[in-house]
Amino acid sequence: MNVDLSRPILVTGASGKTGRSVVSRLVSGGVKVRVFVRRQEAGDELLASGASEMVLGDLLDDDALRSAIVGTGQIMHICPPMHPAEDEIAASIFAHGRDAGVSRLVLYSVLHPMIDVPHHRRKLIAERALIDSGLAYTILQPCRYMQHLAPIWKEVVATGIHRMPFATDAAFSLVDLHDLAEASCNVLTQAGHEFATYQLCGPQRLSQIDCAEILSRHLGRTITAEAKPLEVFLGDARKAGMPEPRIETMSKMNAHYDAHGLLGNSNVLHWLLGREPTNFATYVARDFPSA
Ligand SMILES: NC(=O)c1ccc[n+]([C@@H]2O[C@H](COP(=O)([O-])OP(=O)(O)OC[C@H]3O[C@@H](n4cnc5c(N)ncnc54)[C@H](OP(=O)(O)O)[C@@H]3O)[C@@H](O)[C@H]2O)c1
């Protein structure tokens, strides 16, 4: 099946971390992108950086979704993280996509949607609905991003402690968001990815202890790993104004991470990129070079 690039690709969640990375990759490859955003200024920024079209609306507004989808060739659906209506939003997008005759739906899901964590479960429901929708699709299942270091970077440098709210030996196949954007762009623009589900993981098995060791080498001083206590995590989240349902979901996610980590395999990402996925030391050197 040929890839339809004559009509724009609709990207939802386009002003978020993942959305911006994916849009930037597509635009630099000369692909026409229609961004779905809920803030005019975010849309203006994306247009200035090369997006072709913008639709302003809320993902919960069915009419806005329908009109955003008409005239697009493919949809890259990136739902806001831990959205309580993720499965319903996905179902609406799939129905409108089918009605509008889009050629493929690419769903940005998560690694192991079947685990017992609320937002994984909602992504699993979305995956099932997509498989049953009659649309051609590709499902992307990324692991936890390396970029979760960015919000704690100043604290790491100031205190010498790498502190996230789960066990220091819980291991993850941390993956670089730049690699994910490149792989997403390849999937959207190259033929042959219909009806595929791709696990997208980094090349290492990394715990907080491993990350702290790599950071110690990078900074030339000792960084130690520490599990952030639950009550400190909850206090910080409430102080930052995080809504209670999201705090609850994050607590369940962190409890699962604490017990099991989140591990997958990097072979598929390697194949999609045509190179070894980025390792953690390379990511740190690239994003925090002056440290
Ligand atoms: N972070 C990870 O490690 C990881 C791993 C695997 C999968 N994922 C998945 O990746 C996806 C994207 O995560 P992210 O961290 O890139 O998200 P993010 O930076 O928080 O961005 C969320 C986006 O959704 C938009 N948004 C929120 N509510 C909306 C609404 N009601 N209507 C329209 N737009 C709305 C936001 O718009 P504003 O700019 O206006 O706020 C923003 O563009 C999530 O589904 C997450 O589960 C993440």
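Located above this text is the structure these notes cover.
Residues numbered from 1 in each chain as written. Predicted model: local features only at pLDDT ≥ 70, side-chain atom pairs only at ≥ 80, totals over all residues.

Undergrad: For the overall build of the chain, give the residues involved together with the corresponding values.
TA: Helix and strand content of the chain: twelve helices and nine strands. Against the globule reference of 19 Å for 291 residues, the chain gives a C-alpha radius of gyration of 19 Å, in line with a compact fold. Taken along its principal axes, the extent of the C-alpha atoms in the chain is 55 × 40 × 35 Å. Looking at the chain alone, contacts between residues at least 24 apart form 76% of all its contacts between residues at least 6 apart. (Helix = DSSP H or I, 4+ residues; strand = E, 2+ residues; numbered from the N terminus. Rg over C-alpha atoms; globule rule 2.2 N^0.38 Å. Contact = placed C-beta atoms within 7 Å.)

Undergrad: Requested: an account of the packing of helix 9 (residues 230-239) against helix 10 (residues 244-260), with residues and values cited.
TA: Axis separation between helix 9 and helix 10 bottoms out at 11 Å; the angle between their running directions is 150 degrees. Judged by the inter-axis angle, helix 9 sits roughly antiparallel to helix 10. For the crossing formed where helix 9 meets helix 10, the hand is right-handed. For the pair helix 9 and helix 10, contact is made by Phe233, Leu234, Ala237 and Arg238 and by Ile247, Met250 and Asn254, respectively. (Axes fitted to C-alpha atoms, helices over the stretch in contact; angles between N-to-C directions. Parallel < 35°, antiparallel > 145°, perpendicular 65-115°, else oblique. Left-handed = near helix turned anticlockwise from the far one by under 90°.)

Undergrad: Please provide a residue-by-residue account of the pairing of strand 6 (residues 137-142), values included.
TA: Within strand 6, six of the six residues are buried, which leaves it mostly tucked inside the rest of the structure. Covered by surrounding structure in strand 6 are Tyr137, Ile139 and Gln141 together with Thr138, Leu140 and Pro142, the residues of both alternating faces. Examined bridge by bridge, strand 5 (residues 104-108) and strand 6 share four bridges and lie parallel to one another. Paired with Val106 across the strands is Thr138, a residue of strand 6. Between the parallel pair strand 5 and strand 6, the chain is carried across by helix 5 (residues 118-131), and the sense of this crossover is right-handed. Across five bridges, the pairing between strand 6 and strand 8 (residues 196-200) is parallel. Opposite Ile139, over in strand 8, you have Thr197 as the bridge partner. (Buried ≥ 20, exposed ≤ 12 C-beta atoms within 10 Å, placed from the backbone. Pairing = 2+ DSSP bridges. Right-handed = clockwise from strand over helix to strand, strands pointing away.)

Undergrad: If you had to explain the sheet that holds strand 6 to someone new, which residues and values would you point to?
TA: In space, the seven strands of this open sheet follow the order 3-2-1-4-5-6-8, with parallel pairing throughout. Only two strands of the sheet have a single partner each, and these edge strands are strand 3 (53-56) and strand 8. With direction set aside, neighbouring strand axes in the sheet form an average angle of 15 degrees. Taken strand by strand, helix 3 (residues 62-69) contacts strand 1 (9-11), strand 2 (33-37), strand 3 and strand 4 (74-77), and its axis lies near 165 degrees from that of strand 3.

Undergrad: With reference to specific residues and values, describe the site of the ligand.
TA: Surveying the vicinity of the ligand reveals 21 residues, the closest of which are Ser15, Gly16, Thr18, Leu59 and Pro80. Broken down by element, the residue count for the shell around the ligand peaks at three residues, all from helix 1 (residues 17-28). Looking at side-chain class alone, the shell around the ligand contains eleven nonpolar, five polar and five charged residues. (Near = placed C-beta within 6 Å. Nonpolar A, V, L, I, M, F, W, Y, C, P; charged D, E, K, R; others polar.)

Undergrad: Which residues make up the environment of Arg128, and what values do they have?
TA: Looking at the secondary structure, you find Arg128 in helix 5. For Arg128, a count of 13 C-beta atoms within 10 Å translates into the label partly exposed. In this structure, the C-alpha to C-alpha distance between Arg128 and Asp87, residues 41 residues apart in sequence, is 9.9 Å.

Undergrad: How would you sum up helix 1? Please name residues and give values.
TA: Between the first and last C-alpha of helix 1 there are 17 Å, a value that for twelve residues agrees with the 16 Å anticipated at 1.5 Å per step. Among all positions in helix 1, only Thr18, Gly19, Arg20, Ser21, Val22, Val23, Arg25 and Leu26 are buried. Those residues of helix 1 that are buried lie in contact with strand 1, strand 2, helix 2 (40-48), strand 4, strand 5 and helix 7 (177-189). Note on helix 1: the residue one or two positions beyond its end, Gly30, has a positive phi of about 80 degrees. (Expected span 1.5 Å × (residues − 1).)

Undergrad: I'd like a rundown of helix 7, residues and numbers included.
TA: The terminal C-alpha atoms of helix 7 lie 18 Å apart, and with 13 residues this matches the ideal 18 Å at 1.5 Å per residue to within 8%. Turning to helix 7, its buried residues number three or more, namely Leu177, Asp179, Leu180, Ala181, Glu182, Ala183, Ser184, Cys185, Val187 and Leu188.

Undergrad: A description of the packing of helix 1 against helix 7 should follow, citing residues and the corresponding values.
TA: Relative placement of two packed helices is described by the angle separating their axes and the distance separating the axes. Between helix 1 and helix 7, whose axes approach to 9 Å, the crossing angle comes to 55 degrees. Between helix 1 and helix 7, the interaxial angle falls into the category oblique. As for the relative orientation of helix 1 and helix 7, their crossing is right-handed in sense. Packed against helix 1, whose contacting residues are Lys17, Thr18, Ser21, Val22, Arg25 and Leu26, the element helix 7 presents Leu177, His178, Ala181, Glu182, Ser184, Cys185 and Leu188 at the interface. Taken together, the residues of the contact of helix 1 with helix 7 sort by class into six nonpolar, four polar and three charged.

Undergrad: Just give me the short version of the nonpolar core, but keep the residues and values in it.
TA: Formed by 67 residues in total, the largest nonpolar core has its most connected members in Val11, Val23, Val35, Met76, Leu105, Leu107 and Val175. When residues in this core are grouped by element, the largest group, seven residues, is from helix 7. Excluding residues that lie within four positions of it along the chain, Leu107 makes contacts with His77, Ala126, Glu127, Leu130, Tyr137, Ile139 and Leu140. (Core = buried A, V, L, I, M, F, W, Y, C linked by C-beta atoms within 7 Å.)

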